[in-house]
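Close look at the chain arrangement
The chain contents come next:
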Amino acid sequence: FDQRFIRNFSIIAHIDHGKSTLADQLLLKSGAITQREFREQILDDLDVERERGITVKARAVAIHYTLDGQEYEINLIDTPGHVDFHYEVSRSLAACEGALLVVDAFQGVQAQTVANAYAAIGCDLEIIPVLNKIDLPVTRIPEVMEEIESVVGLDTSNALKVSAKAGIGIEDVFKAIVERIPAPKGKPDDPLRALVFDSKYDHYRGVVTYIRVKEGTISKGQKIYFMKAGTAHEILEIGQFRPHMLPCEELGPGQVGYIVTGIKVLGNVHVGDTVCDYLRRPAAPLPGYEIPQQMVFCGMYPIDASDFEHLREELARMSLNDASFSFAADTSEALGFGFRCGFLGMLHMEIIQQRLEKEANVDLIQTAPNVTYQILKTNGEEVFIDNPQEVPDAGSITEFREPIAKVAFILPSDKIGAVMQMCADRRGVFVTTEFLGPQRAQLVWELPLAEIVFDMYDKLKSITQGYGTMNYEIIGYRAADLVKMDILVKGERVDALSTIVHRTSAERRGRALCKRLKEEISRHQFEIPIQAALGARIIARETISAVRKDVTAKCYGGDISRKRKLLEKQKEGKKRMKQFGSVEIPQKAFLSVLDTG
Ligand code: GDP
Ligand code: MG
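Within every chain, residues take consecutive numbers counted from 1 along the sequence as written. Chain A is the first chain written and ligand 1 is the first ligand written, with later ones labelled in order. Only residues with pLDDT of at least 70 are given local features in this predicted model, and only at 80 or more are side-chain atom pairs given and counted; all residues enter the totals for whole chains, interfaces and linings. Hydrogens and water molecules were not included; the side-chain quantities draw on all heavy atoms of the structure.

Topic: the UniProt feature "domain: Tr-type G" (unreviewed entry) in the chain
- UniProt positions are given in the numbering used here, feature names are shortened, and annotations may be inferred rather than shown by experiment. Under the UniProt annotation, "domain: Tr-type G" (unreviewed entry) lies at residues 4-185.
- The helix count covers DSSP runs of H or I at least four residues long, the strand count covers runs of E at least two residues long, and both are numbered beginning at the N terminus. The span residues 4-185 is 33% helix and 23% strand, and its two end C-alpha atoms sit 9 Å from each other.

Side note on the pairing of strand β31 (residues 528-534)
- In terms of burial, β31 is a largely internal element, 7 of the 7 residues being buried.
- The side-chain alternation of β31 yields two buried faces, one formed by I528, I530, A532 and L534 and the other by P529, Q531 and A533.
- The rule for pairing is simple: two strands pair if DSSP sees at least two bridges between them. As paired elements, strand β28 (residues 482-489) and β31 share 4 bridges and run antiparallel to each other. Across the sheet, the residue bridging to V489 is I530, located in β31.
- As defined by bridge partners, β31 adjoins strand β32 (residues 537-544) across 7 bridges and the pair is classed as antiparallel. Across the sheet, residue A532 finds its bridge partner in β32, namely A540.
- Between β31 and β32, which follow one another and run antiparallel, lie 2 residues, and G535 among them has a positive phi close to 60 degrees. Using a 1.4 Å probe on the protein chains alone, a residue whose accessible area is under 20% of its type maximum counts as buried, one over 50% counts as exposed, and one in between counts as partly exposed.

Remarks on the nonpolar core
- Ranked by size, the top nonpolar core spans 50 residues in total, and within it F409, V419, I452 and Y472 carry the most contacts.
- Here the element with the most residues in this core is strand β24 (residues 397-412); it accounts for 6 residues.
- We define the nonpolar core as a collection of buried residues of types Ala, Val, Leu, Ile, Met, Phe, Trp, Tyr and Cys that are connected through side-chain atoms lying within 4.5 Å of one another. Core analysis: the next-biggest nonpolar cluster, separate from the first, contains 44 residues, L93, V144, V151 and M245 among them.

Observations regarding the sheet that holds strand β5 (residues 126-132)
- Taken in spatial order, the 6 strands line up as β2-β3-β1-β4-β5-β6 in an open sheet, and their pairing is mixed. Single-partner strands in this sheet number two, and they are β2 (59-67) and β6 (160-161).
- In this sheet, strand β4 (residues 98-104) lies alongside strand β1 (residues 6-13) in parallel orientation, the contact comprising 5 bridges. Of the residues in β4, the one forming a bridge with A13 is V102.
- Only heavy atoms enter the contact rule, under which two residues are in contact if any of them lie within 4.5 Å. Where helices are involved, their axes are fitted lines through C-alpha atoms of the stretch in contact, as for all axes, and angles between N-to-C directions lie from 0 to 180°. The sheet contacts of helix α1 (residues 19-29) involve β1, β2, β3 (70-78) and β4, and relative to β1 the element is tilted by about 150 degrees.

Some words on the side chain of T367
- Mapped onto the elements, T367 comes out in the loop between β20 (364-366) and β21 (370-371).
- Look past the residues within four positions of T367 in its chain and what remains in contact with it is C298, G299, Y301, L335, R340, A496, F590 and L591.

With respect to the site of ligand 1
- In the vicinity of ligand 1, 16 residues are found, and the nearest of them are D16, K19, T21, D135 and A164.
- A distance of 3.0 Å separates an oxygen atom of ligand 1 from a polar atom in the backbone of G18.
- Interatomic distance of 3.1 Å between a backbone N/O atom of K165 and an oxygen atom of ligand 1.
- Of the residues forming the shell around ligand 1, the biggest block, 3 residues, is contributed by α1.
- Grouping the constituent residues of the shell around ligand 1 by class yields 3 nonpolar, 8 polar and 5 charged. By convention in this text, a residue qualifies as near a molecule or strand provided that one of its non-hydrogen atoms is within 4 Å of it. Under this definition, polar contacts are N or O atom pairs within 3.5 Å; protein pairs additionally need one hydrogen-donor-capable and one acceptor-capable atom, and for neighbouring residues in sequence, both atoms have to be side-chain atoms. Under the scheme applied here, ten amino acids are nonpolar (Ala, Val, Leu, Ile, Met, Phe, Trp, Tyr, Cys and Pro), four are charged (Asp, Glu, Lys and Arg), and all others, including Gly, are polar.

A word on the pattern of salt bridges
- In what follows, salt bridge is the name for a side-chain nitrogen of Lys or Arg lying within 4 Å of a carboxyl oxygen of Asp or Glu. Here the structure, examined in full by the defined rule, presents 28 salt bridges.
- Here K175 makes a salt bridge to E179, at a shortest N to O gap of 3.6 Å. Here E179 and K175 lie together in helix α6 (residues 170-180), a separation of 4 residues that amounts to about one turn.
- You can call K175 partly exposed: its relative accessible area is 37%.
- When its relative accessible area of 54% is taken as the criterion, E179 is described as exposed.
- Between R516 and E520 there is a salt bridge; the shortest N-O distance is 3.0 Å. You can see R516 and its partner E520 sitting in helix α12 (residues 503-520), 4 residues apart, about one turn around the helix.
- Residue classification places R516 among the buried residues on the basis of a relative accessible area of 18%.
- By relative accessible area, which is 15% here, E520 ends up buried.

Notes on empty space enclosed by the protein
- Cavities and pockets are found on a 1 Å grid laid over the protein atoms alone: a cavity is a set of points where a 1.4 Å probe fits but cannot escape, a pocket is an open set with protein on both sides within 12 Å along at least five of seven lines, and a lining residue has an atom within 4 Å of such a point. Grid points are joined across faces, edges and corners, and a volume is the space filled by probe spheres set on the points. For the structure on display, the rule yields 2 cavities of 30 Å³ or more.
- In this structure, the largest cavity occupies an estimated 90 Å³ of space.
- What lines the largest cavity is a set of 13 residues, among which R340, T367, P388, A496 and S498 lie closest to the centre.
- In the lining of the largest cavity, the residues fall into 5 nonpolar, 6 polar and 2 charged.
- Around the second largest cavity, the lining residues are V56, K57, D84, F85, E88, D322, S324, L344 and H348.

Here's the deal with unusual backbone geometry
- Each neighbour pair has its own omega, and for R242 with P243 the value is -15 degrees, a cis peptide bond.
- On the secondary structure map, P243 appears in the loop between β12 (237-241) and β13 (245-247).
- Of note in the backbone geometry, D68 takes a positive phi value of approximately 50 degrees without being a glycine.
- With respect to the secondary-structure elements, D68 resides in the loop between β2 and β3.

Looking at the confidence of the model for the chain
- You can read pLDDT as the predictor saying how much it trusts each residue, on a scale of 0 to 100. This prediction gives the chain a mean pLDDT of 88; 94% of its residues lie at or above 70.
- Per-residue pLDDT, averaged within each element of the chain, yields its smallest value for helix α13 (residues 560-575) (51) and its largest for β6 (98).
- Within the model, pLDDT remains below 50 along residues 553-559, and this stretch shows 2 contacts once partners closer than five positions in the same chain are excluded.
- Across the predicted assembly, pTM comes out at 0.83 and ipTM at 0.99.

Overview of the UniProt feature "binding site: GTP" (unreviewed entry) in the chain
- The UniProt record annotates "binding site: GTP" (unreviewed entry) at D16, H17, G18, K19, S20, T21, N132, K133, I134 and D135.
- Here K133 falls in the partly exposed class, since its relative accessible area comes to 24%.
- Apart from the residues lying within four places of it in its own chain, the contact partners of K133 are D16, H17, D104, A105, T139, V162 and S163.
- Polar contacts involving the side chain of K133 include one to the side chain of D104, which spans 3.3 Å.
- By the element assignment, D135 lies in the loop between β5 and α5 (141-152).

Quick notes on the sheet that holds strand β11 (residues 231-234)
- Across the sheet, which stays open at both edges, the 8 strands sit in the order β11-β10-β16-β7-β8-β15-β12-β13 with antiparallel pairing between neighbours. Of all strands in the sheet, those with a lone pairing partner are β11 and β13, marking the two edges. Recorded for the sheet is a direction-independent mean angle of 40 degrees between the axes of neighbouring strands.
- The pairing of strand β7 (residues 193-202) with strand β8 (residues 206-215) spans 9 bridges and is classified as antiparallel. Paired with L195 across the two strands is R212, which belongs to β8.
- The strands that helix α7 (residues 308-321) touches are β7 and β8; relative to β7, the one it contacts most, it runs at about 145 degrees.

Shown next, in the form of structure tokens:
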């Protein structure tokens, strides 16, 4: 395809402002899909995405569109909006020359609008502001344009006004893409350099590698070389996403597509790697990506120990499709063999867990998540801790440090006081307030990451009646008065229940946790004391009293079906239990910590 007629862009926006719906319209209007094939958010094809109505993975599609008699190839990348998936966005941007910045015409500029727009500006992309949802009965078009100008610093005099849902203004979007976004540079005869921006495992084809050609030409049958991995392969299939995988003969500069090389070993393809010709190697690889640092960790253990190897394979497959997720084998006295997994945030963790259970069909016990800590030991050594079990004795710690994030909130001005209070309660340090207009403000605070990730988003939503949004980035580690809190069940420490807490809240959280565990663990035929301890010091205690009763005893008489149901339910419940000594601890108990913040 003549590269003068190629355009590559990403659609970026705050969550729910209509990126995926706009992508649907572009597919529909260009004829890439027919009205009959059409379904909402067609690119969100993962089960979790359809269930939750959010985009988790970036998606690339090549569409053909004719303007004034000239056919153009337009490569569109739909991206997720949530802060946890920012890495997906930044990778997509590196494969493009332009971006559509979609902003809800009523909600206006939100926290991820700002973050994503800055990321696009950082990549030097041509940004087209698009006000979406103009079909809504109430919009704030002039104010929203004002916000885009003042906060993001973009000229909005030629902003587009569309309704992705009603299909209004879509022609203007195509026109703007063709006219304003530059064609890709790069010569077809230069040595090949193609950027690997994603990959996935396909049951029929093996590893499928997503590429954007920067320079040169890549074709079927070619012998290629992954510059960073240092491996050579032959291209068995090459093609484009239209939106389904459609084989072709070659891809030139600017084109986006996939290659299949028969790679069976997972972990041999790295996002950010450069593909080149095996013989004609360029001087240097493309810059690639900075691999993001996982900040939230939890344990994942198969309920059935024989699933361990299967789980390992599935985790490898998952990490191939998502380079921002990490895992390493781990053991727990309480839970046996499993894995310590790292995520970019809580939503990321939930999504991976859900995908594992669905796509991989393994039942898991997940432990309560924690952030990464840094400890300066008395011997001068600095260590990173992503598992509370690894915290050394209090005596050998000089300084216990936690990650700090800079958080930007965008919210209605009358909610400033309440949000300030929330931040102060969570050990925050105030940075700035800035007014975006008469009714909206941006607040910036520095907060411990541990105070943000677990529930701050929900808290913010409830304080602001849904109108507040937030975005954060890690700025470093800071010393704090942190301690490891252990839980003892019947006098024995259950390692998987240990947590790291701030000393001032240890007692309150210890009491709350013991109480929650008392509710979660069912009564046994003996008494079970539950205690929270800092080192050898017990700070809270609850007791589960003994019971001696058959579960079916409360179904008096002949109601056999109900009795069977109850037994089945108990069996179902048992699946998610772990035996610890003589005590059975249900899955939910391991997450109780989350309820005690
Ligand atoms: P994304 O998170 O940015 O990908 O947003 P989605 O495309 O998933 O859309 C979020 C919600 O907004 C969905 O319920 C859409 O139906 C709705 N939506 C998207 N575009 C429009 C529009 O132009 N008008 C109206 N009224 N609703 C829209
Ligand atoms: Mg979406």
